[in-house]
Amino acid sequence: MLSPAVQELITKAQIVSFESWISAEKPDVIQLFEQANQERQYLTDDQLRYLASQAEEKGEWLNIAKELRDRAPEIIDRARLLVLDRFPEITQPGGALYPEKRAENCWRDFWHFLRCIHYGIAGQSPQYTNPEGLHYMDLLYQELAVPLDAMVTGLEAMKQMGIERCGGNKKTELLPYFDHLIDRLKGFDGYRK
């Protein structure tokens with residue numbers, strides 16, 4: 001059972017923010033992203049089509065976002081396997097992701113990290129994070145003793161596979177979307193270099 005303090009941190013630990021997008025996007029576009037984020041869902045095909053109808057020049061980026069969404073299970077599974085390979089005792093008794101529920105929470109966080117990167121790509125905004133929300137996530141991760149080195153390893157794996165599998169001819173241009181979140185996690189207090 002999670003303590004009330006941890007539960008409060010969970011509600012405040014919001015990775016993404018669309019406030020900086022307000023000057024560049026129409027209110028209905030911001031609302032579309034906010035709704036998907038509140039529902040903790042990747043953008044649907046209908047939402048992506050709507051975004052494409054609002055800005056044709058974003059078509060290639062929206063296709064990449066769709067591909068990333070469609071390949072999310074594969075990308076996250078590969079990241080999970082890499083973490084388990086690099087940290088073989090992490091899910092064993094005494095490991096940082098033991099018992100199994102802790103490991104499941106880690107893999108779920110990978111899913112949410114990729115979802116937020118997906119929003120950044122769809123909105124062509126590599127600065128998609130919420131500094132206040134990440135502050136609370138840092139506090140939450142400290143409270144729960146989340147192994148940040150493993151989380152960063154997983155994000156690096158998602159970056160490599162996401163760019164390789166979904167980047168098309170924009171591989172280099174996709175780097176900032178992944179690196180932005182990786183750099184934020186590396187700035188958390190518990191990260192060991």
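Here, every reference points to the structure presented above.
Note that this is a predicted model, so its numbers are computed, not measured.

Rules and cut-offs
Residues numbered from 1 in each chain as written. Predicted model: local features only at pLDDT ≥ 70, side-chain atom pairs only at ≥ 80, totals over all residues. Heavy atoms only, no water. Axes fitted to C-alpha atoms, helices over the stretch in contact; angles between N-to-C directions. Helix = DSSP H or I, 4+ residues; strand = E, 2+ residues; numbered from the N terminus. Parallel < 35°, antiparallel > 145°, perpendicular 65-115°, else oblique. Contact = heavy atoms within 4.5 Å. Nonpolar A, V, L, I, M, F, W, Y, C, P; charged D, E, K, R; others polar. 1 Å grid on protein atoms, 1.4 Å probe; cavity = no way out; pocket = protein on both sides within 12 Å on 5 of 7 lines; lining within 4 Å. Points joined across faces, edges and corners; volume = space filled by probe spheres on them. Phe/Tyr/Trp six-rings, centres within 6.5 Å; stacked < 30°, edge-to-face > 60°. Buried < 20%, exposed > 50% of the residue type's maximum accessible area, 1.4 Å probe, protein only. Core = buried A, V, L, I, M, F, W, Y, C linked by side-chain atoms within 4.5 Å. Salt bridge = Lys/Arg side-chain N within 4 Å of Asp/Glu carboxyl O. Expected span 1.5 Å × (residues − 1). Arc of directions from axis to C-beta.

1. A short note on the packing of helix α4 (residues 59-70) against helix α5 (residues 72-86)
Each pair of packed helices can be summarised by the angle the axes make with each other and by the distance between the axes.
Reasoning step 1: At a closest axis distance of 4 Å, the pairing of α4 and α5 adopts a crossing angle of 60°. With respect to each other, α4 and α5 are oriented oblique. In contact with L68, R69 and D70 of α4, α5 contributes A72, P73 and I75.
Reasoning step 2: Taken together, the residues of the contact of α4 with α5 break down into four nonpolar, no polar and two charged.

2. Observations concerning the layout of surface pockets
Reasoning step 1: Roughly 540 Å³ of volume is contained in the largest pocket.
Reasoning step 2: Lining the largest pocket are 25 residues, and of these I10, R108, D109, L140 and L144 sit closest to its centre.
Reasoning step 3: At the level of secondary structure, the elements contributing two or more residues to the lining of the largest pocket comprise α6 (100-122) and α7 (131-144).
Reasoning step 4: The element best represented in the lining of the largest pocket is α6, accounting for nine residues.
Reasoning step 5: Across the lining of the largest pocket, the residue classes break down as 16 nonpolar, four polar and five charged.

3. Overview of the packing of aromatic side chains
Reasoning step 1: Counted by the stated rule, this structure contains nine aromatic pairs.
Reasoning step 2: Relative to F33, the ring of W21 has its centre 4.8 Å away and its plane inclined at 80°; by these criteria the two rings are edge-to-face. Pair noted here: W21 is in the loop between α1 (4-12) and α2 (27-38) and F33 is in helix α2, with a separation of 12 residues, a long-range link. Note on accessibility: W21 and F33 belong to one class, buried.

4. Points about the nonpolar core
Reasoning step 1: Counting 64 residues, the largest nonpolar core has F33, F110, F113 and I121 as its most contacted members.
Reasoning step 2: Excluding residues that lie within four positions of it along the chain, F113 makes contacts with I15, M137, Y141, M151, L155, M158, L181 and L185.

5. Some details on the pattern of salt bridges
Reasoning step 1: Evaluated as defined, the whole model comprises 17 salt bridges.
Reasoning step 2: Between D70 and R69 there is a salt bridge, with its nearest N and O atoms 2.8 Å apart.
Reasoning step 3: Residue classification places D70 among the partly exposed residues on the basis of a relative accessible area of 41%.
Reasoning step 4: A salt bridge links K186 to E156; the shortest N-O distance between them is 3.7 Å. Residue K186 is located in helix α9 (residues 171-186), and its partner E156 is located in helix α8 (residues 148-166); the two are separated by 30 residues in the primary sequence.
Reasoning step 5: Relative accessible area serves as the criterion here: at 30%, K186 is assigned to the partly exposed category.

6. Overview of α5
Reasoning step 1: In a regular helix each residue adds 1.5 Å, so 15 residues correspond to 21 Å; α5 covers 21 Å between its end C-alpha atoms and thus fits that length.
Reasoning step 2: A72, I75, I76, A79 and V83 are the residues of α5 that are buried. Seen along its axis, α5 keeps its buried residues to an arc of 95°; they face one direction. Residues of α5 that are exposed and point more than 90 degrees away from the buried face comprise P73 and D85.
Reasoning step 3: Elements in contact with the buried residues of α5: α4, α6 and α8.

7. As for the environment of G120
Reasoning step 1: As for its position among the elements, G120 is in helix α6.
Reasoning step 2: Each C-alpha atom of the pair G120 and H180 lies 10.0 Å from the other, and the pair is 60 residues apart in sequence.
Reasoning step 3: Beyond its immediate chain neighbours, meaning those up to four positions away, G120 contacts W21, S125, Y128 and Y177.

Coordinates in, geometry out; function isn't part of it.
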